[in-house]
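Structural characterization, general
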Amino acid sequence: MAKVSIDKIVKHYGDYHAVRGVDLDIADGEFIVLVGPSGCGKSTMLRMIAGLEDITDGEMRIGDKLVNDVAPRDRDIAMVFQSYALYPHMNVFENMGFGLTLRKFAASDIKQRVEDAARILGLSTLLDRKPKELSGGQRQRVAMGRAIVRDPEVFLFDEPLSNLDAKLRVQMRTEIKKLHQKLGTTTIYVTHDQIEAMTLADRVVVMNHGVIEQVGPPQELYRSPATRFVASFIGSPSMNFIPCRLEGDASGLVVVLDEGTRLPVPKERSERYAAHIGKALELGLRPEHLTERKEGMSAEFAPLPITVDVAEPMGVETLVHFLMNDVMHCARIDPSVDPQAGQPLELMANLRHMHLIDTETGTVI
Ligand code: ADP
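Computed from a predicted structure; not experimentally measured.

1. A short note on the layout of surface pockets
- When its volume is computed, the largest pocket comes out at roughly 520 Å³.
- Residue lining of the largest pocket: 19 residues in total, with Met 79, Phe 81, Arg 103, Arg 146 and Arg 150 positioned closest to the centre.
- When residues of the lining of the largest pocket are traced back to their parent elements, those giving at least two are strand S6 (77-80), helix H2 (92-102) and helix H4 (136-148).
- A total of four residues in the lining of the largest pocket trace back to one element, the largest contributor, which is H2.
- By residue class, the composition of the lining of the largest pocket is 13 nonpolar, two polar and four charged.

Right, here's the structure in full:
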């Protein structure tokens with residue numbers, strides 16, 4: 001195991017700046033997920049850590065060793081790719097042990113390591129099979145086994161679950177988490193899927209346009225996003241953004257929506273928001289903070305009248321979609337309410353969980 005230190009890392013492909021100054025300190029044993037939309041630079045970051053891509057500028061350390069110019073095979077990392085890249089003519093044992101054979105490990109040592117890894121991954125009875133005789137999930141496990149036998153300082157995963165169907169993806173996600181709990185190896189995992197990021201990571205790194213937007217534990221990013229981008233990227237259905245402005249009245253600050261609804265700002269936010277009166281803002285509210293009216297709701301809840309556009313019963317809850325300023329928004333309400341399309345509905349906005357976004361800078365204030 002080792003820590004990984006990424007210091008002002010830059011990557012240019014010709015004139016294109018794919019990574020534009022990334023700083024990140026990854027602790028020994030930590031599970032870090034790099035997440036972001038396609039093209040944000042997350043795979044490039046991972047490939048630079050692996051040594052598969054030159055670093056244009058900055059310093060990369062694994063442990064205390066500067067690795068900018070160290071070849072991939074000398075970095076003590078093991079990478080699991082999206083395509084499992086198994087050798088079709090080799091059986092599971094040979095696929096898992098091949099890297100060790102190349103590195104001239106003794107046959108007895110290889111046998112021990114492959115059998116140990118196979119036990120951890122539930123592959124012990126499949127060691128004689130060829131890849132074509134395995135399911136997608138089993139192939140993925142062999143690819144992980146090949147990484148485990150190396151006992152590396154750092155595991156790198158590049159979208160390892162993308163080729164699996166939805167159900168298997170969830171199952172393998174749990175297995176990867178269990179594996180990390182068991183082995184405790186420093187892990188850096190790349191995905192475009194925010195749910196994978198949230199469920200796996202000790203800390204999530206949200207990237208956008210070659211820079212880090214925010215780093216933090218999953219719940220922190222969910223509860224306190226620093227930017228509109230993070231607020232919209234993390235969470236599904238995603239946060240609602242409603243154009244608004246702030247006004248001050250005798251009772252304190254009020255969020256005023258375009259169509260006139262007035263929502264009182266909780267007192268403890270007054271100081272933080274006071275300087276933003278009159279600016280173009282957006283109110284950010286997650287769907288679960290727009291619910292039906294319930295008995296005994298505190299003063300932090302304020303009514304928001306809407307017209308139901310589409311209602312989607314999910315069983316445990318019903319998603320209500322509604323239009324405001326031609327933009328579709330979403331609320332999560334109790335299924336007993338049974339909202340009808342085209343009918344008015346009074347939602348209650350939980351302002352304790354509100355966010356205000358400065359539309360000019362995209363930052364959450
Ligand atoms: P992500 O993994 O976040 O989808 P990548 O790290 O693969 O994104 O790529 C980041 C950006 O760099 C993309 O715009 C991509 O087109 C560009 N890029 C990646 N590899 C190369 C390359 N070898 N040559 C030129 N541009 C590249």
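2. Re the side chain of Glu 282
- As for its placement among the helices and strands, Glu 282 is situated in strand S14 (residues 281-285).
- Owing to a relative accessible area of 12%, Glu 282 belongs among the buried residues under this scheme.
- Looking at Glu 282, its side chain comes within polar contact range of the side chain of Arg 228, at 2.6 Å.
- When near neighbours in sequence (up to four residues on either side) are disregarded, Glu 282 contacts Arg 228, Phe 241, Ile 242, Pro 243, Cys 244, His 355, Leu 356, Ile 357 and Thr 359.

3. Overview of helix H5 (residues 166-183)
- Counted at 1.5 Å a residue, the expected span for H5 with its 18 residues is 26 Å, and the 26 Å between its end C-alpha atoms agrees.
- All of the buried residues along H5 are Leu 168, Met 172, Arg 173, Ile 176, Leu 179 and His 180. Angularly, the buried residues of H5 cover 145 degrees about the axis, an arc narrow enough to put them on a single face. Opposite the packed face of H5, turned more than 90 degrees from it, sit the exposed residues Lys 167, Lys 178, Gln 181 and Lys 182.
- Once H5 ends, the next one or two residues include Gly 184, with phi positive near 65 degrees.

4. So, the sheet that holds strand S4 (residues 57-62)
- Read across the sheet, four strands follow the order S2-S1-S4-S5 without closing on themselves; strand pairing throughout is antiparallel. Edge positions in the open sheet fall to strand S2 (16-26) and strand S5 (65-66), since each of these has one partner strand only.
- Sheet topology places strand S1 (residues 4-13) next to S2; eight bridges connect them, and they run antiparallel. When the sheet's bridge partners are listed, Ile 9 is paired in S2 with Val 22.

5. So, the site of the ligand
- Around the ligand, the structure places Tyr 13, Tyr 16, Ala 18, Pro 37, Ser 38, Gly 39, Cys 40, Gly 41, Lys 42, Ser 43 and Thr 44.
- The contact in question runs from an oxygen atom of the ligand to an N or O atom on the side chain of Tyr 16, over 3.2 Å.
- Protein contact buries 59% of the 560 Å² of open area that the ligand shows by itself.
- Listed by contribution, the elements that provide at least two residues to the shell around the ligand are S2 and helix H1 (42-50).
- With three residues, the top contributor of residues to the shell around the ligand is H1.
- Partitioning the shell around the ligand into residue classes produces five nonpolar, five polar and one charged.

6. Description of the sheet that holds strand S18 (residues 327-333)
- A sheet is described by the order of its strands in space; here five strands give the open sequence S15-S19-S16-S17-S18, paired in antiparallel fashion. Every interior strand has two partners, whereas the edge strands, strand S15 (290-292) and S18, have only one. Across the sheet, the mean angle from the axis of one strand to that of its neighbour is 55 degrees, orientation sign disregarded.
- Bridge count for strand S16 (residues 301-313) against strand S17 (residues 318-324) is five bridges, and the pairing is antiparallel. Following the sheet pairing, Val 310 is matched in S17 by His 321.

7. Details of the UniProt feature "domain: ABC transporter" (unreviewed entry) in the protein chain
- Using the residue numbers shown here, the UniProt feature "domain: ABC transporter" (unreviewed entry) corresponds to residues 4-234.
- With 37% helix and 26% strand, residues 4-234 has its two end C-alpha atoms placed 25 Å apart.

8. Examining H2
- Every buried residue of H2 is listed here: Val 92, Asn 95, Met 96, Gly 97 and Leu 100.
- In the core, the buried residues of H2 are packed alongside helix H3 (107-121) and H4.
- Where H2 begins, the side chain of Asn 91 points an oxygen toward the backbone nitrogen of Phe 93, at a separation of 3.1 Å.
- Positive backbone phi, at 65 degrees, marks Lys 104, one or two positions downstream of H2.

9. Some remarks on the packing of H2 against H4
- Here H2 crosses H4 at 35 degrees, and the two axes come no closer than 7 Å. In the packing of H2 onto H4, the handedness of the crossing is right-handed. Contacts between H2 and H4 involve Val 92, Asn 95 and Met 96 from the first element and Val 142, Gly 145 and Arg 146 from the second.
- When its residues are assigned to classes, the contact of H2 with H4 shows three nonpolar, two polar and one charged.

10. Overview of the pattern of salt bridges
- Applying the stated rule across the entire model yields 19 salt bridges.
- Of the charged contacts, one joins Lys 3 and Asp 64 as a salt bridge, the two residues approaching to 3.3 Å between their closest N and O atoms. Here the residue Lys 3 occupies a position in the segment before S1, and Asp 64 occupies one in the loop between S4 and S5, the gap between them amounting to 61 residues.
- Of the residues examined, Asp 64 reaches a relative accessible area of 66% and is grouped as exposed.
- Ionic pairing is found between Arg 332 and Glu 288, a salt bridge with its closest N-O pair at 3.7 Å. Linking Arg 332 in strand S18 with Glu 288 in the loop between S14 and S15, this pair joins segments that are 44 residues apart in sequence.

What counts as what
- Residues numbered from 1 in each chain as written.
- Predicted model: local features only at pLDDT ≥ 70, side-chain atom pairs only at ≥ 80, totals over all residues.
- Heavy atoms only, no water.
- 1 Å grid on protein atoms, 1.4 Å probe; cavity = no way out; pocket = protein on both sides within 12 Å on 5 of 7 lines; lining within 4 Å.
- Points joined across faces, edges and corners; volume = space filled by probe spheres on them.
- Helix = DSSP H or I, 4+ residues; strand = E, 2+ residues; numbered from the N terminus.
- Nonpolar A, V, L, I, M, F, W, Y, C, P; charged D, E, K, R; others polar.
- Buried < 20%, exposed > 50% of the residue type's maximum accessible area, 1.4 Å probe, protein only.
- Polar contact = N/O pair within 3.5 Å; in protein donor to acceptor, adjacent residues only side chain to side chain.
- Contact = heavy atoms within 4.5 Å.
- Expected span 1.5 Å × (residues − 1).
- Arc of directions from axis to C-beta.
- Pairing = 2+ DSSP bridges.
- Near = heavy atom within 4 Å.
- Areas by Shrake-Rupley, 256 points an atom, 1.4 Å probe, with all protein chains shown as cover.
- Axes fitted to C-alpha atoms, helices over the stretch in contact; angles between N-to-C directions.
- UniProt positions renumbered as here; feature names shortened; annotations may be inferred.
- Left-handed = near helix turned anticlockwise from the far one by under 90°.
- Salt bridge = Lys/Arg side-chain N within 4 Å of Asp/Glu carboxyl O.

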